[in-house]
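# Fold and geometry: a report
One-letter residues, chain by chain:
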Amino acid sequence: MTDDDMRSRHAVVVGGGLAGVTTALQLADAGVGVTLVEGRPRLGGLAFSFQRGDLTVDNGQHVYLRCCTAYRWFLERVGGAALAPVQERLDVPVLDIGRPGRPRLGRLRRTALPVPLHLAASLAGYPHLSLAERASVSRAALALGRLDPADPALDGIDFATWLRRQGQSPRTIEALWDLVGVATLNAGAPDVSMALAAMVFKTGLLSEPGAADIGWARVPLGELHDTLARKALDAAGVRTEISTRVRGIVRADHGRWRVETGGAPLEADTVVLATAQRETRALLPDGALDAPDRLLEIGTAPILNVHVLYDRKVLRRPFFAALGTPVQWVFDRTEASGLGEGQYLAVSQSAAQQEIDAPVAELRKRYLPELERLLPPARQARVRDFFVTRERTATFAPAPGVGRLRPGARTRAPGLYLAGAWTATGWPATMEGAVRSGFTAAAAALQALGRPHEHPLKEAA
Ligand SMILES: Cc1cc2nc3c(=O)[nH]c(=O)nc-3n(C[C@H](O)[C@H](O)[C@H](O)COP(=O)(O)OP(=O)(O)OC[C@H]3O[C@@H](n4cnc5c(N)ncnc54)[C@H](O)[C@@H]3O)c2cc1C
């Protein structure tokens, strides 16, 4: 197909989350005319910001790892990489207040040594596990290294069962595997597919020394996923329609599609549904998938963020993880939010099924004393503001068996493709998975249009 033929081809991408924005950029970069349609008044989907007075608040703390090559591509592509840097070397302070005596600080750190020695020193000195438990972790890590996350058999068992088989004690699961796993997978080990756990831990801990170095936005998420994404889309020639809900997708003449919104319908050769599984099911034309109702069997899991504004600095570190308390991870959001005075902490609570509907007053009563136990300076500080953000369907549930429910990008309907973190990326519900799904959907669409393109991540091509 010539460049002129290509430009006459039109694609509509439905959903302006990271999957949809990526798909739109990839298609536009290959010369296709693209319209991106987003129901909300902003791009960014599940990773966004909003104003609360002068404060810019993220709906939930987001982090990524150095091994998230697709999301890093996204940051580069929109010109935001410098605004969400990765720490030089993995360093996670872990504060335990669950045992008698003074709170104990441990560190999960890496050295410059090759895998798996890069974590050996940190593990050897990790105070939250006994010597025997530390040795058992090394053995489990070696076993992990032998697994193939794509092995369908792994999707049938849960992470906790596998860990127990590897001799991991309940304490080891709590103080190490779940400490990381709950935050990255959004479920505790008993509720996690071993395939997804293997993907996260093998890629993060055993692929290369720097793989698990942590990156996070030093600006509001909206600046990256909405403002900068919008700029990149405009520059690529994508027409973006926000506050526009797609109501239906029907076959039009000559094998084209008609995308129905409240206003004039859009005609397209290619449609990519980059919406969540439930919305996708509702929009799917008949016959597009063999078992479309399977999408509804993919569960969801909530994340709660507790936001506390103190009148003074109570935490010196950019973030830490906690043990022996309901508090999971705490991040300093002061600078990113634009707060002039005092300190703003976001407490990120994954797998928050028990608390997602709890009243603010109850959460305040629970979390302020816990923060005081963890951070002694908080005992003298005045709380200027306390609020919560609740994402009831933050991620798909990473349950055993979910792998067989996740569809690929291609459907049975020519010209119709699926994207979204919940599709078959092999990754849990992450920004990385969302961007990867966008690559895959765009590649499939371009191939059908006779325009195979080079995968942006050569290693994944
Ligand atoms: C609180 C929280 C914390 C998280 N923490 C992390 C983290 O630390 N690290 C990480 O990697 N990931 C994290 N995630 C997960 C990550 O945000 C998501 O996996 C990712 O953003 C999903 O992107 P997506 O494009 O697949 O889907 P979505 O973001 O859901 O995008 C879908 C878009 O489609 C739009 N839409 C739906 N229906 C229609 C319609 N009919 N017409 C038009 N538009 C429509 C929606 O409005 C939405 O914008 C977190 C998520 C939450 C909520």
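Residues numbered from 1 in each chain as written. Predicted model: local features only at pLDDT ≥ 70, side-chain atom pairs only at ≥ 80, totals over all residues. Heavy atoms only, no water.

Here we take up the domain arrangement of the protein chain. Segmenting the protein chain into domains produces domain 1 (3-47 + 220-298 + 406-460), domain 2 (49-68 + 299-396) and domain 3 (108-212). Here the C-alpha centre of domain 3 lies 34 Å away from the C-alpha centre of domain 1. The interface is formed by five residues belonging to domain 1 together with six residues belonging to domain 3. Among the residues of domain 1 in contact with domain 3, Gly426, Trp427 and Pro428 are the three that bury the most area, contributing 86% of the side total. Run the count over domain 1 and domain 3 and you get zero salt bridges. The tally of links between domain 1 and domain 3 comes to zero residue pairs in polar contact (both at pLDDT 80 or more). (Domains from an automatic or database assignment. Contact = heavy atoms within 4.5 Å. Buried area = accessible area lost by both parts, 1.4 Å probe. Salt bridge = Lys/Arg side-chain N within 4 Å of Asp/Glu carboxyl O. Polar contact = N/O pair within 3.5 Å; in protein donor to acceptor, adjacent residues only side chain to side chain.)

All right, on to the layout of surface pockets then. What the second largest pocket holds in volume is close to 420 Å³. Examining the composition of the lining of the second largest pocket, we find that five residues originate from one element, helix H8 (residues 170-185), more than from any other. Class assignment of the residues belonging to the lining of the second largest pocket gives a composition of 11 nonpolar, eight polar and three charged. Built from parts of two domains, the lining of the second largest pocket gets at least three residues from each of domain 2 (49-68 + 299-396) and domain 3 (108-212). (1 Å grid on protein atoms, 1.4 Å probe; cavity = no way out; pocket = protein on both sides within 12 Å on 5 of 7 lines; lining within 4 Å. Points joined across faces, edges and corners; volume = space filled by probe spheres on them. Helix = DSSP H or I, 4+ residues; strand = E, 2+ residues; numbered from the N terminus. Nonpolar A, V, L, I, M, F, W, Y, C, P; charged D, E, K, R; others polar.)

Glancing now at the packing of helix H3 (residues 69-77) against helix H14 (residues 431-448). It is the contact of H3 with H14, at a shortest axis distance of 7 Å, that shows an interaxial angle of 80°. Between H3 and H14, the angle is such that the two are roughly perpendicular. Within the contact between the two elements, H3 uses Thr69, Ala70, Tyr71, Trp73 and Phe74 and H14 uses Met431, Glu432, Val435, Arg436 and Phe439. (Axes fitted to C-alpha atoms, helices over the stretch in contact; angles between N-to-C directions. Parallel < 35°, antiparallel > 145°, perpendicular 65-115°, else oblique.)

Let's shift gears to the sheet that holds strand S11 (residues 257-260). Spatially, the three strands line up as an open sheet ordered S10-S11-S12, and their pairing is antiparallel. Only two strands of the sheet have a single partner each, and these edge strands are strand S10 (248-251) and strand S12 (266-268). Across this sheet, the average inter-strand angle for adjacent strands is 25°, counted without regard to direction. The pairing of S11 with S12 spans three bridges and is classified as antiparallel. In the sheet register, tryptophan 257 faces S12, and the bridge partner there is alanine 268. (Pairing = 2+ DSSP bridges.)

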